[in-house]
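One letter stands for each residue in the lines below.
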Amino acid sequence: HRVAANAAPSPGPNLAGVVGRRAGTGTFKYSAAMKGSNLSWTPANLDRFLASPTRTVPGTRMFVSLPDAAQRRAVINYLAQVK
């Protein structure tokens, strides 16, 4: 992932401005599951997704989880600051 405004996507979507954004939107080629998830990336939804991506959005291409709650909070707090 990249986290710079207007940066091209890498293997994952650009995460600049992700907090508050609707899941599956933007220039990245999201899976049909992500596009159809009807999620907005609130801190609570990001926490659930990062804890268990495939349980939160069955069919997502993201398979790496972040099981440690403190690490998830740190990532979400960082992403909330990146516009």
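Small disclaimer: the values here were computed from a predicted structure and weren't measured.

J.: Help me get a handle on the overall build of the protein, residues and values and all.
T.: Scanning the protein from terminus to terminus reveals 4 helices and 0 strands. For the protein, the N- to C-terminal ordering of α and β elements is α-α-α-α. A compact globule built from 83 residues should have a C-alpha radius of gyration of about 12 Å, and the protein, at 12 Å, falls within 12% of that. Based on the C-alpha atoms only, the size of the protein along its principal axes is roughly 30 × 30 × 20 Å. Out of the 83 residues belonging to the protein, those deemed buried represent 35%. Summarising the internal contacts of the protein: among those between residues at least 6 apart in sequence, 30% fall at separations of at least 24. When the accessible surface of the protein is split by element, carbon and sulfur atoms take 57% of a total near 5100 Å².

J.: Got a sec to walk through helix H4 (residues 69-81)? Specific residues and values, please.
T.: The end-to-end C-alpha distance of H4, which contains 13 residues, comes to 19 Å, matching closely the 18 Å that a straight helix rising 1.5 Å per residue would cover. Turning to H4, its buried residues number three or more, namely Arg 72, Ile 76 and Leu 79. One face of H4 carries all of its buried residues, which in axial projection span an arc of 65 degrees. Buried residues along H4 sit in contact with helix H2 (43-51). By the N-cap criterion, in which a side-chain oxygen at the helix start approaches the backbone nitrogen of a residue two or three places on, H4 is capped by Asp 68, the distance to Ala 70 being 3.1 Å.

J.: So what's going on with the packing of H2 against H4? Which residues, and what values?
T.: In the contact formed by H2 and H4, the axes pass within 10 Å of each other and the chain directions differ by 130 degrees. Viewed along their axes, H2 and H4 adopt a mutual orientation that is oblique. Taken as a pair, H2 and H4 cross one another with a handedness that is right-handed. On H4, the residues that touch Pro 43, Leu 46, Asp 47, Leu 50 and Ala 51 of H2 are Arg 72, Val 75 and Ile 76.

Basis of the calculations
- Residues numbered from 1 in each chain as written.
- Predicted model: local features only at pLDDT ≥ 70, side-chain atom pairs only at ≥ 80, totals over all residues.
- Heavy atoms only, no water.
- Helix = DSSP H or I, 4+ residues; strand = E, 2+ residues; numbered from the N terminus.
- Rg over C-alpha atoms; globule rule 2.2 N^0.38 Å.
- Buried < 20%, exposed > 50% of the residue type's maximum accessible area, 1.4 Å probe, protein only.
- Contact = heavy atoms within 4.5 Å.
- Areas by Shrake-Rupley, 256 points an atom, 1.4 Å probe, with all protein chains shown as cover.
- Expected span 1.5 Å × (residues − 1).
- Arc of directions from axis to C-beta.
- Polar contact = N/O pair within 3.5 Å; in protein donor to acceptor, adjacent residues only side chain to side chain.
- Axes fitted to C-alpha atoms, helices over the stretch in contact; angles between N-to-C directions.
- Parallel < 35°, antiparallel > 145°, perpendicular 65-115°, else oblique.
- Left-handed = near helix turned anticlockwise from the far one by under 90°.

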